[in-house]
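# An overview of the molecular structure
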Amino acid sequence: MSDALMVSRGRLEAFLTCRHCYVLRYVLHLPWPSQPLDAKTDGALTLGQQFHQLLERRFLGVSIDEGSLGSGRLRSWWAAFEQSGLPNGRFSSL
């Protein structure tokens, strides 16, 4: 089936909400910014991104300065990761 004939609920809602945005996103395939996030959601997203960057650094073998983690949620997530039993932050052979 052609992409032009595919109608999902999300696409229909986008069309009904703003036809111009629908054309930009689904017809012209241009990125369109989403609505701004509230402060709480934006903060949680930023914290999650920081944690995933820490994991990426660890799995790449880059040292982590645990003093830079602060004393909040990021530090507790890192401590939980450290205690998780993953082999020294490196992938083992499958």
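These notes cover the structure that comes with them.

The rules behind these values
Residues numbered from 1 in each chain as written. Predicted model: local features only at pLDDT ≥ 70, side-chain atom pairs only at ≥ 80, totals over all residues. Heavy atoms only, no water. Axes fitted to C-alpha atoms, helices over the stretch in contact; angles between N-to-C directions. Helix = DSSP H or I, 4+ residues; strand = E, 2+ residues; numbered from the N terminus. Parallel < 35°, antiparallel > 145°, perpendicular 65-115°, else oblique. Contact = heavy atoms within 4.5 Å. Nonpolar A, V, L, I, M, F, W, Y, C, P; charged D, E, K, R; others polar. Core = buried A, V, L, I, M, F, W, Y, C linked by side-chain atoms within 4.5 Å. Buried < 20%, exposed > 50% of the residue type's maximum accessible area, 1.4 Å probe, protein only.

A few words on the packing of helix α1 (residues 9-17) against helix α2 (residues 19-27). Remark: α1 packs on α2, axes separated minimally by 5 Å, with the N-to-C direction vectors making an angle of 135 degrees. Classified by the interaxial angle, the pair formed by α1 and α2 is oblique. On α2, the residues touching R11, A14, F15 and T17 of α1 are R19, Y22 and Y26. Residue composition of the contact of α1 with α2, by class: four nonpolar, one polar and two charged.

The next subject is the nonpolar core. Counting residues in each nonpolar core, the largest one holds nine residues, listed as L47, F51, L54, L55, I64, L69, L74, W78 and F81. Sorting the residues of this core by element identifies α3 (39-59) and α4 (73-82) as the ones contributing at least two each. The dominant element in this core, judged by the number of residues it contributes, is α3, at four residues. Among residues more than four places away in sequence, those in contact with I64 are L54, R57, R58 and W78.

Any functional reading would require information that these geometric values do not contain.
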